[in-house]
Amino acid sequence: MAISLGSIADDYTGASDLANTLTKNGLRTVQTVGIPDTSLALPDVDAIVISLKIRSVPASEAVTAATEAERWLRHRGVGHVLYKICSTFDSTDAGNIGPVTEALSDAAGGGSVLVTPAFPETGRTVYFGHLFVGHLPLNESPLKDHPLNPMHDANLVRVLARQSRRAVGLIDLAAVAAGPAAAKAKLNALRMTGVTMAIADAIFERDLETLGEIALEAPVSTGASGLGLGLARALVRSGRIAGSATTEDVIRPVGGLSAIIAGSCSKATLHQLDVAERSMPVLRLDPERLISGPDEIAAAISWAGDRISAGPVIVAASAAPETVSRLQSQYGREASGHAIETATSIIAAELVERGVRRLVVAGGETSGAAVDKLAIPAFLIGPEIAPGVPVLRSVGNRQGDMLLALKSGNFGGDDFFAAALAMMH
Ligand SMILES: Nc1ncnc2c1ncn2[C@@H]1O[C@H](COP(=O)(O)OP(=O)(O)OP(=O)(O)O)[C@@H](O)[C@H]1O
Ligand SMILES: O=C(O)[C@@H](O)C(=O)CO
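Residues numbered from 1 in each chain as written. Chains lettered and ligands numbered in written order. Predicted model: local features only at pLDDT ≥ 70, side-chain atom pairs only at ≥ 80, totals over all residues. Heavy atoms only, no water.

Asks: Can you lay out the site of ligand 2 for me, pointing to particular residues and giving the numbers?
Replies: The immediate surroundings of ligand 2 are formed by Asp11, Thr13, Gly14, Asp17, Arg55, Lys84, Ile85, Cys86, Ser87, Ser408 and Phe411. At 2.9 Å from an oxygen atom of ligand 2 is found a side-chain nitrogen or oxygen belonging to Asp11. One of the side-chain nitrogen or oxygen atoms of Ser87 is found 2.6 Å away from an oxygen atom of ligand 2. Computed on the free molecule, ligand 2 has an accessible area of 270 Å², of which 96% lies beneath the protein chains in the complex. Of the residues forming the shell around ligand 2, the biggest block, three residues, is contributed by helix α1 (residues 12-24). Residue classes in the shell around ligand 2 are distributed as three nonpolar, four polar and four charged. (Near = heavy atom within 4 Å. Polar contact = N/O pair within 3.5 Å; in protein donor to acceptor, adjacent residues only side chain to side chain. Areas by Shrake-Rupley, 256 points an atom, 1.4 Å probe, with all protein chains shown as cover. Helix = DSSP H or I, 4+ residues; strand = E, 2+ residues; numbered from the N terminus. Nonpolar A, V, L, I, M, F, W, Y, C, P; charged D, E, K, R; others polar.)

Spelled out as structure tokens, the structure:
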């Protein structure tokens, strides 16, 4: 199997977002959960996206997991590895984007690394190193209230520098808009001054096409789906890939029951839950009871069990920022997040035991915990439900074929949940 592009994604929803972008741009892509076991039969693909759950773990753990995945990819002949990060640059001053990028680049022999979270299709643009979410700078966007990685600085050169040993510079829009030669010259000029990581501005897809072309000349790059688009288009343009990916067969019906589990507390998910509540039963979990013992989990499973044969149900831990901060000040940020993810993953697994085969999960960490609990080793990529969210078909799991959607917290339109279920039969 000749794999042209390898990616290591720092969370599972991010991995399916990237796999969706690569597929839409012609690359036959598979998403694996961790490094695939040798016994797992993978289809013939152009790109492989290894999903890890390393966005919010200690930096040293993230580095170990990512470098192991990099070694696995290089052994399979992958020439370029994209470290897939969040389009809102979710991280803390302790990492993990800087440390992992440096480790991957060092493992590949050093050199300059392009870094850009721009993803114009979902409103993420970078100008003079400042990340915008729609019309708002990152630090004024809803990401300022993220439960695990609140973002308080839109200047990514500064954010990345705080996490990194290497010096960080900027490839500004003027250089990017002038095309690959000018952007490359800027990257080289930075390198002459000892700067080997560069945040790259990008506002339009053509900027990402430029960046994809120069990124492909190096062994490693770091970015979100926008850079994935640039890399995929550069590979197809170069003739190295036929660009023939198709998705329709992936959504062959699987039958069974359907359910939605939400642990994302993003503004988008909270609104999507309110909209879905008009047409589906929604159970709002009590997060405090979830943390303090198993009763709330048992009650949720029983509530869902009573309703699910009549149609899809939603079980949600999601809450507004004030409620989240109250809980976090009582139990700690990581402890409460982890306890809630564990609880929602148990509920997801129990529902699958009771016949759910079509499952939507909202939230990256929440999806990671659920997919791990279900022990799904890989996914094939189906058609897109909303920008960044494809239908996935499970591969190699003991429950048999399932259709899933792993929704990044901030993605999807108002009616996302109904739209997702409408594509899964
Ligand atoms: N009511 C709540 N109070 C505190 N924390 C919560 C609550 N509900 C969920 N959480 C936690 O908030 C975190 C949400 O992170 P998650 O990655 O799942 O969503 P997201 O950040 O919106 O999605 P993405 O990473 O895809 O953007 C999880 O750790 C989850 O367990
Ligand atoms: O890039 C994004 O915004 C998403 O794919 C993601 O990583 C959210 O978890």
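Asks: Describe the confidence of the model for the chain, and please don't skip the residues or the numbers.
Replies: Low-confidence regions, as indicated by low pLDDT, have predicted coordinates that should not be scrutinised in detail. Averaged over every residue, the pLDDT of the chain is 96; residues scoring 70 or more account for 100%. Both scores are given for the predicted complex: the pTM is 0.95, the ipTM 0.97. (pLDDT = per-residue confidence, 0-100.)

Asks: How would you summarise the nonpolar core if you had to cite specific residues and measurements?
Replies: Counting 113 residues, the largest nonpolar core has Ile8, Phe89, Ile171, Ile199, Leu211, Ile347 and Leu359 as its most contacted members. In terms of residues, this core owes the most to one element, helix α13 (residues 333-353), which gives seven residues. Those residues in contact with Leu359 that sit more than four places away from it in its chain are Ala259, Ile261, Ala348, Val352, Leu374, Met402, Leu403, Leu404, Ala405 and Met424. Counting residues in each nonpolar core, the second largest holds 24 residues, with Ile260, Ile314, Ala362 and Leu403 among its members. (Core = buried A, V, L, I, M, F, W, Y, C linked by side-chain atoms within 4.5 Å. Buried < 20%, exposed > 50% of the residue type's maximum accessible area, 1.4 Å probe, protein only. Contact = heavy atoms within 4.5 Å.)

Asks: Break down the site of ligand 1 for me, citing the residues and quoting the values.
Replies: Taken together, 25 residues form the shell around ligand 1, and within it His146, Ser264, Glu341, Glu365 and Thr366 come nearest. Measuring from an oxygen atom of ligand 1, one finds a side-chain N or O atom of His146 at 2.5 Å. One of the side-chain nitrogen or oxygen atoms of Ser264 is found 2.7 Å away from an oxygen atom of ligand 1. Starting from 630 Å² of accessible surface for ligand 1 in isolation, the protein chains cover 98%. Contributions of two or more residues to the shell around ligand 1 are made by α12 (321-331), α13 and α14 (364-374). Of the residues belonging to the shell around ligand 1, the class tally is nine nonpolar, twelve polar and four charged.

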